[in-house]
Amino acid sequence: MALIYRSSALVAAAFSLLALTACDPQRISELQPGVSTEADVRDRFGIPENVWDEPGGARTLEYNRQPAGQLNYMITIGPDGRLTAVRQVLTPENFARVQPGMRMDEVRRLLGKPAKVTPYALKNETWAEWRFLKPPGEAQMFSVVHGPDHVVLRTQTGPDTEAPEFRGSR
């Protein structure tokens, strides 16, 4: 009985997340740069994962769709309190900006919170991974490997083997 309840809870959580991310395009279309306020953004997206202070008094609100989603949004509010930009940051262009020698706090600021962080003690490495869609819709994982000093050693991109299309039936 507990297994059935747990499975039902997982299915309900997955559908809730799917509904949340499916609503993102609608929520974004309701926002207008220069007109919408931070309150408008929070009304549509809720409490941000993080708030980043920008030079000149602007703020960027991070809306993370990890671990099950494949998007992360950074929504910038100008010093006047009005929306200036909505960006989906899990893109090949941003991944290319992540280079060996970069600090992980810079990576976190660029890409948002990862879907998964896995330490490998014997190798003295930690892997941070972000799920994303490679056009036209291929589930992929971008991985950043760093050492104990939190400095990027290397990156890699490959199939997201935990995506539903790779799992098959159980």
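Please refer to the structure placed before this passage.
**Q** Looking at this structure, I do not really get the pattern of salt bridges. What am I missing?
**A** Any two side chains of opposite charge can pair if their charged atoms end up close together. Scanning all chains against the criterion turns up twelve salt bridges. The residue Glu62 makes a salt bridge to Arg108 at a minimum N-O spacing of 2.6 Å. Remark: Arg108 occurs in helix H4 (residues 104-111) and Glu62 occurs in strand S2 (residues 59-64); sequence separation between them is 46 residues. The exposure class of Glu62 is buried, given its relative accessible area of 0%. Where Glu162 meets Arg131, a salt bridge forms, and the shortest distance between an N and an O atom there is 2.6 Å. One end of the pair, Glu162, is in the loop between strand S8 (152-159) and helix H5 (164-167); the other, Arg131, is in strand S6 (residues 125-134), with 31 residues separating them in the sequence. The class for Arg131 is buried, based on a relative accessible area of 9%. A single salt-bridge network, built from bridges that share partners, covers Lys116, Glu129, Arg131, Asp160 and Glu162.

**Q** Can you help me understand the side chain of Glu62 in this one?
**A** Polar contacts involving the side chain of Glu62 include one to the side chain of Arg108, which spans 2.6 Å. Ignoring anything within four residues of it in the chain, the contact list for Glu62 reads Pro48, Glu49, Asn50, Trp52, Tyr73, Met74, Arg108, Gly112 and Lys113.

**Q** What should I look at first to understand H4 in this one?
**A** The α-helix winds at 3.6 residues per turn, so residues separated by three or four positions along the chain end up facing the same way. Met104, Val107, Arg108, Leu110 and Leu111 are the residues of H4 that are buried. Relative to the axis of H4, the buried residues are bounded by an arc of 165° and lie together on one face. Among the residues trailing H4, Gly112 stands out with phi positive, at a value near 85°.

**Q** What am I meant to see in the sheet that holds S8 here?
**A** For sheets, the rule is that strands pair by backbone hydrogen bonds, running either parallel or antiparallel. Read from one edge to the other, the open sheet built from four strands follows the order S5-S6-S7-S8, with strand pairing classed as antiparallel. Among the strands making up the open sheet, the edge pair consists of strand S5 (116-120) and S8. Put simply, the sheet's adjacent strands are angled 25° from each other on average, direction ignored. Direction of pairing for S6 relative to strand S7 (residues 138-146): antiparallel, over a ladder of nine bridges. Paired with Trp127 across the two strands is Val145, which belongs to S7.

**Q** Please explain unusual backbone geometry as it appears in this structure.
**A** Among all residues save glycine, negative phi is the norm, and among peptide bonds the norm is trans. Omega for the bond connecting Gln66 with Pro67 falls within 30 degrees of zero, at 10°, which places this linkage in the cis form. Within the secondary structure, Pro67 sits in the loop between S2 and strand S3 (72-77). Residue Pro136 is reached from Pro135 by a cis peptide bond, and omega for that bond is 15°. Within the element layout of this structure, Pro136 appears in the loop between S6 and S7. A positive phi angle, near 60°, is found at Asn124, a position not held by glycine. Its location among the elements puts Asn124 in the loop between S5 and S6. With phi around 65°, His150 is a residue other than glycine that occupies positive phi space. For His150, the position within the fold is in the loop between S7 and S8.

Calculation notes
Residues numbered from 1 in each chain as written. Predicted model: local features only at pLDDT ≥ 70, side-chain atom pairs only at ≥ 80, totals over all residues. Heavy atoms only, no water. Salt bridge = Lys/Arg side-chain N within 4 Å of Asp/Glu carboxyl O. Helix = DSSP H or I, 4+ residues; strand = E, 2+ residues; numbered from the N terminus. Buried < 20%, exposed > 50% of the residue type's maximum accessible area, 1.4 Å probe, protein only. Polar contact = N/O pair within 3.5 Å; in protein donor to acceptor, adjacent residues only side chain to side chain. Contact = heavy atoms within 4.5 Å. Arc of directions from axis to C-beta. Pairing = 2+ DSSP bridges. Axes fitted to C-alpha atoms, helices over the stretch in contact; angles between N-to-C directions.

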